[in-house]
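Reading the structure
Below are the chains, spelled out letter by letter.
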Amino acid sequence: GAVVSQHPSRVICKSGTSVKIECRSLDFQATTMFWYRQFPKKSLMLMATSNEGSKATYEQGVEKDKFLINHASLTLSTLTVTSAHPEDSSFYICSAREAYQETQYFGPGTRLLVL
Amino acid sequence: AQSVSQHNHHVILSEAASLELGCNYSYGGTVNLFWYVQYPGQHLQLLLKYFSGDPLVKGIKGFEAEFIKSKFSFNLRKPSVQWSDTAEYFCAVKRRNSGNTPLVFGKGTRLSVIA
């Protein structure tokens, strides 16, 4: 099956710093990537959808200036949490889909802890 | 807008018991349906999917799901669970051929299998 990787798997940072999370599709070209946030014992909350070479589409309530998403190539998307605060601590998961395919494949997630 | 309901928040079963997890969706059009599993500390993995054809779909690890169009349901079943099936299970739906629209997830059902 298709493989999606994320880096780093875990990051701890100080409040006010920015953190970049990378999401890569390893064996397919991901024309569309999705970023989710998962709270403890809760479902996945979609943050944004990004298409390669285009601006991301953010879900209602998600600050686009805080969560910067770049999808510059067919195998890489990045999520940058700018000026992170403790309330941004969460599990961030990316997902990727190939063109004209319906199945989404998920990365292993990145646990962010902001002190 | 589509929505997905998973009625059971937490299910506790003994090993060898049979499992059925409910999933209902609300959308009048044609949909693709998915079940994902998230084992403790791991990423979401695709268990099975239904796009068309035989409404009884078989997935990995002995799981199956049945699409009942009249009931807008896609329940997940396994005849005999094992301790290793302890995980969080997510039902998801996507409008068929809707381009870049993301999966819509249910809130998840936590399955705990006890010896």
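In the block above lies the structure referred to throughout.
For the structure given in this document, a descriptive report is provided here.

So, how was this worked out
- Residues numbered from 1 in each chain as written.
- Chains lettered and ligands numbered in written order.
- Predicted model: local features only at pLDDT ≥ 70, side-chain atom pairs only at ≥ 80, totals over all residues.
- Heavy atoms only, no water.
- Pairing = 2+ DSSP bridges.
- Helix = DSSP H or I, 4+ residues; strand = E, 2+ residues; numbered from the N terminus.
- Axes fitted to C-alpha atoms, helices over the stretch in contact; angles between N-to-C directions.
- Buried < 20%, exposed > 50% of the residue type's maximum accessible area, 1.4 Å probe, protein only.
- Contact = heavy atoms within 4.5 Å.
- Buried area = accessible area lost by both parts, 1.4 Å probe.
- Salt bridge = Lys/Arg side-chain N within 4 Å of Asp/Glu carboxyl O.
- Polar contact = N/O pair within 3.5 Å; in protein donor to acceptor, adjacent residues only side chain to side chain.
- Core = buried A, V, L, I, M, F, W, Y, C linked by side-chain atoms within 4.5 Å.
- Disulfide = S-S within 2.5 Å.

Moving on: the sheet that holds strand E3 (residues 19-25) of chain A. Residue and element names in this part refer to chain A. One open sheet accounts for 4 strands, arranged E1-E3-E8-E7; its pairing is antiparallel. Among the strands making up the open sheet, the edge pair consists of strand E1 (4-7) and strand E7 (67-73). Strand-to-strand, the axes of this sheet are offset by a mean angle of 15°, without reference to chain direction.

In this section: the side chain of Ser50 of chain A. When you line up the elements, Ser50 of chain A lands in strand E5 (residues 44-51). Overall, Ser50 of chain A belongs to the buried group, its relative accessible area being 1%.

To continue, consider the interface of chain B and chain A. On the chain A side, the residues contacting the 24 residues of chain B number 20 residues. Taking both partners together, chain B and chain A bury about 1,600 Å²; carbon and sulfur atoms supply 53% of that area. Joining chain B to chain A, the criterion identifies 1 salt bridge. Taken together, the links from chain B to chain A amount to 7 residue pairs in polar contact (both at pLDDT 80 or more). Of all the secondary-structure elements, those providing two or more residues to the side of chain B that touches chain A are strand E5 (31-38), strand E6 (44-50) and strand E10 (87-95) of chain B.

Below, the discussion takes up the nonpolar core. Counting residues in hydrophobic clusters, the biggest one holds 28 residues, and the most contacted among them are Leu33, Trp35, Leu47, Leu48, Phe74, Leu76 and Tyr89 of chain B. Sorting the residues of this core by element identifies strand E2 (10-14), strand E3 (19-21), E5, E6, strand E8 (64-68), strand E9 (73-78), E10 and strand E12 (109-114) of chain B as the ones contributing at least two each. Formed by 24 residues, the second largest nonpolar core is a distinct cluster that contains Val4, Ala30, Ile69 and Cys94 of chain A.

All names here are of chain B. Inspection of every chain in the model, using the stated rule, returns 7 salt bridges over all chains. One salt bridge connects Glu64 with Lys58, and the closest N-O pair in it is separated by 2.9 Å. Given a relative accessible area of 63%, Lys58 falls into the exposed group. Across the pair Arg77 and Glu66 runs a salt bridge, and its minimum N-O distance is 3.2 Å. Taken together, the residues span a long stretch of sequence, with Arg77 in strand E9 and Glu66 in strand E8 at a distance of 11 residues. The exposure class of Glu66 is partly exposed, given its relative accessible area of 28%. Through salt bridges with shared partners, one network takes in Lys58, Glu64, Glu66 and Arg77.

Take the state of the cysteines next. Residues and elements named next belong to chain A. Taken as a whole and judged by the stated rule, the model has 2 disulfides over all chains. Just so you know, Cys13 is unpaired, no disulfide at all, and the nearest cysteine sulfur is the one on Cys94, 18 Å from it. Cys13 gets classed as buried once you look at its relative accessible area, which sits at 10%.

The topology assignment puts Gln42 of chain B in the loop between E5 and E6. Sequence separation of Gln42 of chain B and Ile114 of chain B is 72 residues, and the distance between their C-alpha atoms is 20 Å.

Attention now goes to the pairing of E8 of chain B. All names here are of chain B. Where strand E7 (residues 56-58) and E8 come together, 3 bridges link them in antiparallel fashion. Note that in E8 the partner of Leu56 across the bridge is Glu66. Adjacent in sequence and paired antiparallel, E7 and E8 are bridged by 5 residues, among which Lys61 carries a positive phi angle near 60°. Strand direction decides the pairing type here: E8 and E9, joined by 5 bridges, are antiparallel. Pairing of Phe67 across the sheet is with Phe74, part of E9. Connecting the antiparallel pair E8 and E9 is a turn made up of 4 residues, with Phe72 showing a positive phi of about 50°.

Read these as geometric descriptors, not functional statements.
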